[in-house]
Structure formats: C-alpha cells, structure tokens
Amino acid sequence: MKTPGELTPEALRRSCDPEQFDFVTTAELGNDAEIVGQPRAVEAVRFAVGIDHDGYNVFALGPSGMGKHFLAEHFLTQQAEKRPIPHDLCYVHNFAAANKPSRLMLPAGMARQLSEDMDTLVEEISSVLPVAFESDEYQARLHSIEEEFKQRPEQAFDDIQQHAKTHGFALLHTPVGMIFAPVKDGEVVTPEAFKKLPEEEQKRLQGDIEQLQERLQKILREIPRWEREMRSKIRELNRETTDFSVGHLIDELREKYAGHAEVLDYLLEVQKDIIDNARDFLRTKDGQAAGEGSSIKRRYQINVLVDHGASTAAPVVYEDNPSFANLIGRIEHIAQMGTLVTDFMLIKPGALHRANGGYLLLDARKVLLQPYAWEGLKRALRALQIRIESLGQALSLISTVSLEPEAVPLDVKVVLLGDRLLYYLLCAYDPEFSELFKVAADFHDDIERSSEHHLLYARLLATLIRKEKLRAFDKAAVARVIEQSSRLVGDGEKLSARIADLADLLREADYWAGQSANGVVTAADVQTAIDAQTYRADRIRERIQQEILCDTIYIDTAGTKVGQVNGLSVLQLGNFSFGRPSRITARVRLGEGEVIDIEREVELGGPLHAKGVFILSGFLGARYARAQPLSLAASLVFEQSYGGIEGDSASSAELYALLSAIAELPLRQSLAVTGSVNQHGEVQPIGGVNEKIEGFFDLCKARGLSGEQGVIIPKANVKHLMLRQDVVEAARADRFHVYPVDSIDQGMEILSGLPAGELNEAGDYPEGSVNFLVTQRLKELSAARAAFAAAAQPQQQE
C-alpha cells in the first residue's frame, strides 16, 4: 500500500481565470441572462406554462435564498411576452338587482375609455336634460296635459251640478264631504223643513238624492284614474323628451362600441334607467343639478378593477401579503349617518384579478400563515372563477345583505415558492394540493462549474448588478465572485445557486468600491466585502481560538501523544460556519470487547455519532478478532466538550486514537483529522471540509507555522476544496500540508510514521508495522484475560 502524498497548492483551490472572459466590465454584457444550471426546474415551468389543462400549477421547491422568485419571475416574464394581453375587468351597476353588480370584460385599455365616456355622458346629460325640461315646448305640452286633466273633474262637477239644479237640488261642500240637498224657491231646504214635507215627497227626494250621490261617487272614483292617466302622459312626455335629448348621445357610444355586445347591452340598460329616472337630473330649487354630488351620477360610473391599457404582455404578479382579501378581492364600506354602506364602486381587486390571463407568484409559507387564504386560493382554482366575498360570507358567519358581485372567469397559472419540506408536507396532508399543483419545479442547490457556465454566470451577475443599480464589475471581480460562489456551496466543481447570498456580496462589494472611490468594482473590493462579512460574524470563533491559545482549551499542535488525536468539527451560527479543533482521546484496558462512547453514555452524543462509534467497533472486530475474541475495554471521548455532539465525521479520528491506544503508538499532534469511516476501514467524505482545514490552520498560524502542521482529509473531499488564499500560500511555501487518504491504514501511516502493514500469506502482519503492533497488544490482552480467567476458576471451585 502506497502512502499518499500531500496535495499540491493548485489542488487546494480551483481558481477562476479572468482572461477567459471577453469583456472588460459587466456593463458590456446584455440584460438577457439565461437561467443557469436549472434545466429541470425550467423544463417543469415551461411544461406547466404550455399545457392548457386545469390543475397544472407549479410549486417551485428549494431552500430559501435560492433566487426562486428572481428566476421564476425572470422566466415567466419572458413567457408572458408570448401570450396575448388579457381583457380589462370592470364592474357596473346592475339596474335589475343593485346588490348584484355586473362585470364587463373588455379589450385591453377599453375599460378606462368606457369609464371616461360614461363620466362625460353623465355630465352632458346633467346639462342637457334640465334645458330640455325647461324649454317652452316641453312646458307647453306639460301645461296642455295638466290643463286637459284639470278640466275633466271640473267639467264633471259642473255637469252634475247643472243636472242637480235642473232637478231641484244643490251640491253642498261640508266638512264630511259633498252632499246633495233639495232646493225650494232658491233656498236649500233645512232638515226641519224636510221633515215637515209629506212622506211621499220625502221618499221621492231621497231617491233622487241617492241617484245623484251615486253619480257623484262615480265621478270621484274616476278622478284617481284621470290622475294616473295624467301622470302616465307626463311620464311618456318625459321619456320622449329624455330620449330625444340623450338618445343621440348614447347612440354615439353605441357606434363607438358597436363590436362589443356586453357594452351595448349595458348602454341599453343605462338608457332605460336614465329615461325612467330623468327627474333626478333636473335642477333643484337652489339651481343645482340633482345629479351633481348625488348617487344618480355614481350609478352610471364604471369601476375599473384591472386596466391593461399600458400593458405590453400578459401580467406577472407577485403578491407579498397574500391575505384572503388581497388574493380574492374585497368589498369596502363607507360610513354614512352612522351606518356602513357600500356599492359596486367599492369593490376592490385581488391578486387573482390582476394576474388573470397571466401568472401569479406567491410565497407558500405566507399564504399558509394567512387565515383562510389557502382555502380561498384553492376554491378559486377549483371553480376556475373569482367570487368576491367577505370572510364572514365565505364562512357563513353573517347573514346581512351585502353585495354579490358577478363571478369572474379565472385563467391563471399560479407558481408557489417554498422549501422542500413544505412541499412534501402539503403532498402528505392536503389531498387537494396534488390536484391543483401537479407540477413540481425542483431547483438545484448548486450548479455544475464549467467554462460555459462561467460565462452564463457572469451574465447572471450582470443582470443582478443592473437590477440593483450597482457599479459595473470588472472581469477580475467577476472571477472572484465565481470563486466565492464555489466556496459558498463547499465544492470546487460547483457554483452556488443561492442568488440572495450573491446579491448581498455584489451590494457589499459595490459599497466598498464606493468607499475606495473606484469607478468599477474590482477583485480587491470583492475580497474586502468577503473579509468584512467574516469579521462581522466571527466573534465566537475568535473567542474559542483565544481560549485555545491561552491553554484554557487543550489542543496540541506539536509533538506526539499516545491515544490522542486532533479532531475537527464545524460550528454553524446563523449563516456563519467555522471549523473548530477538538481533542479526542482513547483509553484501553482489559475487558470483553466493548467500546464505550462516553458522549453517548451521558446523552451528549447524537444517534449519528453513536452510529460512527458502532461502525468503528465493527471494523476492529472484523480485522483483529477473526481468530480470537477482543479482550479489551475502550473508552472514547471528546475532551472539554460540554454540549451536544452529532455526526460521524470524527469517527476516523476516534479510530486513529483507539488504534494508537491499543498499540501504545504515539501519533503526531501537528496534524488534525476529519472523515468518517465504514466497517471496511475506508475513509468516507464529510461536509465542511474547507472550514475544518481553515479552523486548524488559523490555530497553527497563531502559534507559528512550523512546516510540520497539516490536516488529513478524505480523498473524496479533494474536489470540494476551495480554501482561502492564505492557506494556499502557506502550502506553497511548504509550511502547511493537506493529506488526502481513502483508508484508515493510510491515515495511520501519516500520523505514526510507520507502515500500516498488510497480511502476508501466513496471515500475519509485517513486524514493526502498525497493524502488527495492534495485533500483538490484542494478543497480550487476550492472554492476560485467559490467565485471569484460569486463576479465577480454582477459587470458584473452592
């Protein structure tokens, strides 16, 4: 087995050569950046946009900060340019049922024009009608009608009076009404005189009076009918006058909107209503038109909810506060004389109205946090229509009379933005979710790093820079951002897809360029921004290092020790992570093969850490206990650890310490170790390799680099290396070393300076090798255990 050599400085960091770019600054790049490295998500969104069936809405899933919103909006904006501009939406008064406003769907820009035309129409009618009703012609015709019907009752009364007089009776007006009384010698017969008349004469007179009274009653019954006829004729005159005065105005609108049946039907209803309510437009006693400032003018207004007059493409709408009302729309109220009233002009649109005919982007978490917003959204998508109603109406909590606007047909593609856990929870617990959001756009956390993607990434950065109105970046600055992108994702062969982090770096680099009075952002400005980010967040890291340097926390970086290894772990505090060295020790004694994980015994170790200890126990048994039982008891511990420990990335370090303790073999303390191990002794890759290396490097640098210090890492992690430039320079000066290994044997050779040793044909390890020393010590422990057992057996028999 060959001991691996240390990595070259070039392998510690994959640099980005600025000379590969054919631009000087990002100002030369266009604003047509493609979506980089997200083919699966782009294809999913393209499919959802293209398929014309219900339920094919999109859930864009991925961690926050991935730029899902930016990328989805960017792609949908491109697609929206290929779609027709949707119709305007407006509500108008329903003359048949005022509490059920009617909707109008008009070509883009027409709703606003119709609204202006209706306002103009009402103003003209308010001026024209009073003049028409005050004209001599109208007044003459009105007077003629009134006179005609005034003469009818007068003539009837004259006729009956003349008839009564002819027959010797007079028509008298009394407090109780009109009555007939007999007349004699020109004088009305008094009741006393009437009683003195002969009985036959009284009967005759009484009969004549009853006939006259019946005739009078008939005339009195005719008077209301004559009044109704008069009012009917006056109304007909008003209708005729109104139609003559305003008909040509409405006819002009009919000609203008001749191709739109909905508008023509509405104008017909308007004309009928104006004719029926013409008096509302007439001037009051103070000379003001009744329609001015009153509800008559409001009823003919157009409530334009959505106006696409200035639109050049289908809408792409993002609703930042997706409450029930902000999604579905709402009906507002105004206070009048102590009560709340509303009408069709107080209907307000929701995000679904604004996005109708296009695309709606929503943050899934925000929708779910808003009461009933999720249910309202699903109901609209299921019914394919938007029905505006209050929460009280939707939940049947109130039964008061309110507006019931006509529902609006819904044609929208909804894109929900959320993390993966939320998507899987909705799939599991909401049976309607999979029916309404059939397309999952799964965004990658990272992007393959290649020369082609370097240029696409530069275009993406240029788009972000232009969007944020920052200074242009020169190509060296772009190259440094690309390198930092690889560092953020922890992989030299990948680029970060976290647009939010990149945007922060661009803004901060622009700030530092301004502080340096640079016209463009340089690589030095980018590096200053990176260093400033680290400095703001690394107080805890600095405090831990001070404790180590003050020997409060024990970490050796020189010499050799038996059963002791420097392990490496990563601490995550918010968005900042850093590496921390820890002392791992092992102690061995006579026992029955158990390996005690002290962290697990005191419940400070997590399940993954416990799994790592069990795995290394399996390795020990498989390699060294094939012909004899393990006769040891070992304990492993992270020294000076007072918090929880999780993960198996230190299992290789624990195994090194255990083998050292068994063989009583000193290990180099100038080296730190990371990597997990399997039962075959293979060292497996771990996370946070860059932070771990730099954490140990910073300690060694603070104590003074001796040229002996370094870190042993899994070979599979080499491709992930994107170390700081000062670590690379120290390696280039041969003052710090990084060793890749793929087996425990290779690591033991580096730590101990001895060959690991391989089994020969006789099944033995070479003398002086690490494995030989481990085997010999185990044999000694096994013999001691056997001797102890033999000595203890006679005593038991006695």
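Quick caveat: nothing in here was measured; it's all calculated off a predicted structure.

Quick look at the overall build of the protein
Item 1. Helices and strands together make up the secondary structure of the protein, namely 27 helices and 30 strands.
Item 2. Relative to the globule expectation of 28 Å for 798 residues, the C-alpha radius of gyration of the protein, 48 Å, shows a markedly less compact shape.
Item 3. Reported as C-alpha extents along the three principal axes, the dimensions of the protein are approximately 170 × 85 × 50 Å.
Item 4. Here the protein holds 798 residues, and the buried ones make up 47% of them.
Item 5. In the protein, the share of contacts with a sequence separation of at least 24, taken over all contacts with a separation of at least 6, comes to 77%.
Item 6. Of the roughly 39,400 Å² that the protein leaves accessible, carbon and sulfur atoms contribute 50%.
Item 7. Looking at charge distribution, the protein has the averaged site of its 87 positive side-chain charges lying 2 Å from that of its 118 negative ones.

So, the nonpolar core
Item 1. In this structure, F473 and V526 are the most contacted members of the largest nonpolar core, which totals 58 residues.
Item 2. At eight residues, the largest contribution of residues to this core is made by helix α16 (residues 451–467).
Item 3. Mapped onto the domain boundaries, this core takes at least three residues apiece from domain 1 (15–34 + 447–537) and domain 2 (38–85 + 312–443).
Item 4. Once residues lying within four places of it in the same chain are set aside, the contact partners of V526 are F473, A477, R480, V481, L505, A509 and V521.

A few points about the packing of aromatic side chains
Item 1. Tallying each qualifying case throughout the model produces 15 aromatic pairs.
Item 2. Their ring planes at 75° and their centres at 5.0 Å tell us that Y511 and W512 sit as a pair that is edge-to-face.
Item 3. On the basis of relative accessibility, which here comes to 45%, the residue Y511 falls in the partly exposed class.
Item 4. Residues F619 and Y624 carry aromatic rings whose centres are separated by 6.4 Å and whose planes lie at 85° to one another, so their mutual orientation is edge-to-face. Pair check on accessibility: F619 and Y624 agree, each one buried.
Item 5. The structure contains a cluster of three or more aromatic residues connected by ring pairs, namely F59, W374, Y423, Y424, F433 and F437.

A look at empty space enclosed by the protein
Item 1. Taken as a whole and judged by the stated rule, the model has four cavities of 30 Å³ or more.
Item 2. The computed volume of the largest cavity comes to approximately 90 Å³.
Item 3. Lining the largest cavity, in full, are R541, I544, Q545, I548, F578, G579, R580, P581, G695, D698 and L699.
Item 4. For the lining of the largest cavity, the elements supplying multiple residues, two or more each, are α20 (539–549), β22 (576–590) and α24 (689–703).
Item 5. Classifying every residue of the lining of the largest cavity by side-chain character gives five nonpolar, three polar and three charged.

Some remarks on a nonpolar patch on the surface
Item 1. A cluster of nonpolar side chains, namely L421, L425 and Y429, defines an oily patch on the protein surface of about 370 Å² accessible area.
Item 2. With respect to the secondary-structure elements, Y429 resides in helix α14 (residues 420–429).

Re the sheet that holds strand β23 (residues 594–597)
Item 1. Read across the sheet, seven strands follow the order β23-β24-β22-β21-β26-β29-β30 without closing on themselves; strand pairing throughout is mixed. Lying at the two open borders of the sheet, with one neighbouring strand each, are β23 and β30 (737–741). Adjacent strand axes in the sheet meet at a mean angle of 30°, parallel and antiparallel pairs treated alike.
Item 2. Across five bridges, strand β29 (residues 710–714) lies against β30 in parallel orientation. Paired with P714 across the strands is V741, a residue of β30.

A few points about the environment of Q546
Item 1. In this fold, Q546 is placed in helix α20.
Item 2. Linking Q546 and Q564, residues 18 residues apart in sequence, is a C-alpha distance of 22 Å.

Quick notes on the pairing of strand β5 (residues 177–184)
Item 1. In terms of strand pairing, strand β4 (residues 169–174) meets β5 through six bridges, oriented antiparallel. Residue pairing in the sheet places L171 in a bridge with F180 of β5.
Item 2. Bridge analysis of β5 against strand β6 (residues 187–188) gives two bridges, and the strand direction is antiparallel. What sits directly across from K184, in β6, is E187.

Quick look at helix α23 (residues 651–663)
Item 1. The terminal C-alpha atoms of α23 lie 18 Å apart, and with 13 residues this matches the ideal 18 Å at 1.5 Å per residue to within 8%.
Item 2. The buried count for α23 comes to 13 of 13 residues, which makes it a mostly enclosed element.
Item 3. Among the residues trailing α23, E664 stands out with phi positive, at a value near 55°.

Some details on the layout of surface pockets
Item 1. Reported here for the largest pocket is a volume of approximately 1,600 Å³.
Item 2. Those elements that provide at least two residues to the lining of the largest pocket are α17 (475–489), α18 (499–515), α19 (523–537), β22, α24 and α25 (725–732).
Item 3. The residue inventory of the lining of the largest pocket, partitioned by class, reads 14 nonpolar, 18 polar and 17 charged.
Item 4. Reported here for the second largest pocket is a volume of approximately 470 Å³.
Item 5. Lining of the second largest pocket is provided by 21 residues; of these, S569, R580, S641, G644 and I645 occupy positions nearest its centre.
Item 6. Broken down by element, the lining of the second largest pocket gets its largest block of residues, four residues, from strand β21 (residues 564–573).

Remarks on the pattern of salt bridges
Item 1. Following the criterion strictly, the structure yields 45 salt bridges and no others.
Item 2. A salt bridge links K366 to D320; the nearest nitrogen and oxygen atoms lie 2.8 Å apart. Here K366, found in helix α11 (residues 364–369), pairs with D320, found in the loop between β8 (316–318) and α9 (324–328); they are 46 residues apart in sequence, far enough to count as distant.
Item 3. Between R536 and E508 there is a salt bridge whose closest N-O contact spans 3.1 Å.

Here is what the cut-offs are and how they apply
Residues numbered from 1 in each chain as written. Predicted model: local features only at pLDDT ≥ 70, side-chain atom pairs only at ≥ 80, totals over all residues. Heavy atoms only, no water. Helix = DSSP H or I, 4+ residues; strand = E, 2+ residues; numbered from the N terminus. Rg over C-alpha atoms; globule rule 2.2 N^0.38 Å. Buried < 20%, exposed > 50% of the residue type's maximum accessible area, 1.4 Å probe, protein only. Contact = heavy atoms within 4.5 Å. Areas by Shrake-Rupley, 256 points an atom, 1.4 Å probe, with all protein chains shown as cover. Lys, Arg positive; Asp, Glu negative; His and termini not counted. Charge placed at Lys NZ, Arg CZ, Asp CG, Glu CD. Core = buried A, V, L, I, M, F, W, Y, C linked by side-chain atoms within 4.5 Å. Domains from an automatic or database assignment. Phe/Tyr/Trp six-rings, centres within 6.5 Å; stacked < 30°, edge-to-face > 60°. 1 Å grid on protein atoms, 1.4 Å probe; cavity = no way out; pocket = protein on both sides within 12 Å on 5 of 7 lines; lining within 4 Å. Points joined across faces, edges and corners; volume = space filled by probe spheres on them. Nonpolar A, V, L, I, M, F, W, Y, C, P; charged D, E, K, R; others polar. Patch = residues over 30% accessible without salt bridge, like charges linked within 9 Å, V, L, I, M, F, W, Y side chains within 5 Å. Salt bridge = Lys/Arg side-chain N within 4 Å of Asp/Glu carboxyl O. Pairing = 2+ DSSP bridges. Axes fitted to C-alpha atoms, helices over the stretch in contact; angles between N-to-C directions. Expected span 1.5 Å × (residues − 1).

Don't take any of this as a statement about function, it's just geometry.
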